[in-house]
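Breakdown of the fold
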Amino acid sequence: MNIINLEIGAMGARLRGYLHEQSESWPDYEHRPCVLVCPGGEYRFLSDREADPVAFEWLAQGYQVFLLWYSVGEQARDFQPLKELSAAVTAIRRNSTEWGIDRNRVAVIGFSAGAHLTLSLGVYHDADILKQDHGFNRPDALILSYPVVTAGEYAHEGSFEHLSGEKRGKAWEPYSLEHFVSSSTPPCFIWHTGSDETVPVQNTLFLVNALQNAGVPYECHIYPKGAHGLSLCTGQVRRPGADLDPHPATWFPLCVQWLGQLFDFTK
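What comes next is a walk through the structure.

Calculation rules
- Residues numbered from 1 in each chain as written.
- Predicted model: local features only at pLDDT ≥ 70, side-chain atom pairs only at ≥ 80, totals over all residues.
- Heavy atoms only, no water.
- Pairing = 2+ DSSP bridges.
- Helix = DSSP H or I, 4+ residues; strand = E, 2+ residues; numbered from the N terminus.
- Axes fitted to C-alpha atoms, helices over the stretch in contact; angles between N-to-C directions.
- Phe/Tyr/Trp six-rings, centres within 6.5 Å; stacked < 30°, edge-to-face > 60°.
- Buried < 20%, exposed > 50% of the residue type's maximum accessible area, 1.4 Å probe, protein only.
- Core = buried A, V, L, I, M, F, W, Y, C linked by side-chain atoms within 4.5 Å.
- Contact = heavy atoms within 4.5 Å.

Another point: the sheet that holds strand β2 (residues 13-19). The sheet built from eight strands is open, its strands ordered β1-β2-β4-β3-β5-β6-β7-β8 with mixed pairing. Lying at the two open borders of the sheet, with one neighbouring strand each, are β1 (2-8) and β8 (218-223). For this sheet the average axis-to-axis angle between neighbouring strands, irrespective of direction, equals 15 degrees. As paired strands, strand β3 (residues 32-38) and strand β5 (residues 101-111) are joined by six bridges and run parallel to one another. Residue pairing in the sheet places L36 in a bridge with V108 of β5.

We now examine the packing of aromatic side chains. The tally for this structure, following the rule as stated, stands at 19 aromatic pairs. Here Y43 and Y70 contribute two aromatic rings whose centre-to-centre distance is 6.1 Å and whose plane-to-plane angle is 65 degrees, an arrangement assigned as edge-to-face. Of this pair, Y43 sits in the loop between β3 and α1 (52-60) while Y70 sits in the loop between β4 (64-69) and α2 (80-94), and the two are 27 residues apart along the sequence. The exposure class of Y43 is buried, given its relative accessible area of 1%. Look at Y70 and you get buried, because its relative accessible area is 3%. Both rings, one in F111 and one in W251, keep their centres 6.2 Å apart while their planes meet at 80 degrees; by these two values the pair is edge-to-face. Taken together, the residues span a long stretch of sequence, with F111 in strand β5 and W251 in helix α7 (residues 251-263) at a distance of 140 residues. Given a relative accessible area of 0%, F111 falls into the buried group. For W251, a relative accessible area of 0% gives the class buried. An aromatic cluster of three or more residues is present, and its members are Y29, W58, Y63, F111, Y146, W191, Y223, W251, F252 and F265.

Here we take up the nonpolar core. Grouped together as the largest cluster of nonpolar side chains are 85 residues, with contacts concentrated most on L36, W58, W251 and L259. In this structure, W58 is in contact with V35, Y63, V65, I109, I143, F252, C255, V256 and L259, ignoring residues within four places of it in sequence.

The residue Y146 is not glycine, and still its phi comes out positive at about 35 degrees. Inspection of the secondary structure assignment puts Y146 in the loop between β6 (141-145) and α5 (157-164).

As for its placement among the helices and strands, Q80 is situated in helix α2. When residues no more than four places from it in sequence are discounted, the contact partners of Q80 are M11, S71 and Q75.

Listed below in structure tokens is the structure:
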């Protein structure tokens, strides 16, 4: 395995890659599809439980994998994390030959606020603030785990306060992503739990309605029970004291199958 480390942008964001080495034993895998992981943390911190454990699971499925440590706190304002994610996807595509990546099969997966960031690129990839990356930065698929989506009634207020630097008001409107879904939004895999008290499931329901209206392909799984921040739903990443329900853990094999079919890739 090769490990790549890059600094992205001027704020100290970091991109780390875990790459399968090319081998004569795998002649059909010279250029593999890629998954880029964005951990959550309400744009205040970045969750380790949603970082390396997730990356290594995708690596085990045969994908080239990257982790983005994007700007948080006061540095998250002025769309800085979005600019960093756009630059990260652009860097992956521009180095795809060297890194053994199929540039036409690049997915981004995010958790909670990281899913909001992921979806932000899905809806804003052609925005003027990202014009330096146009033609390179649109993901081919989005994977959204218990996503922060809406800045309305069911908003996760901490995420939008860190993004905008303000309490509720007009400054939140550009971040309410259900209003910006279009036919150019990439296909989505989404999962959530109905009992999520931190980021209400209405966030996902609003998103699914927007995707349906825009004609964007999607697959959505809403599990009856489960707290926020489940990550892979395994003991390794379980929050202290949280129940370990095996049912939501089915999201990962379902997602692997969905992305494998979308990318025509099986390990």
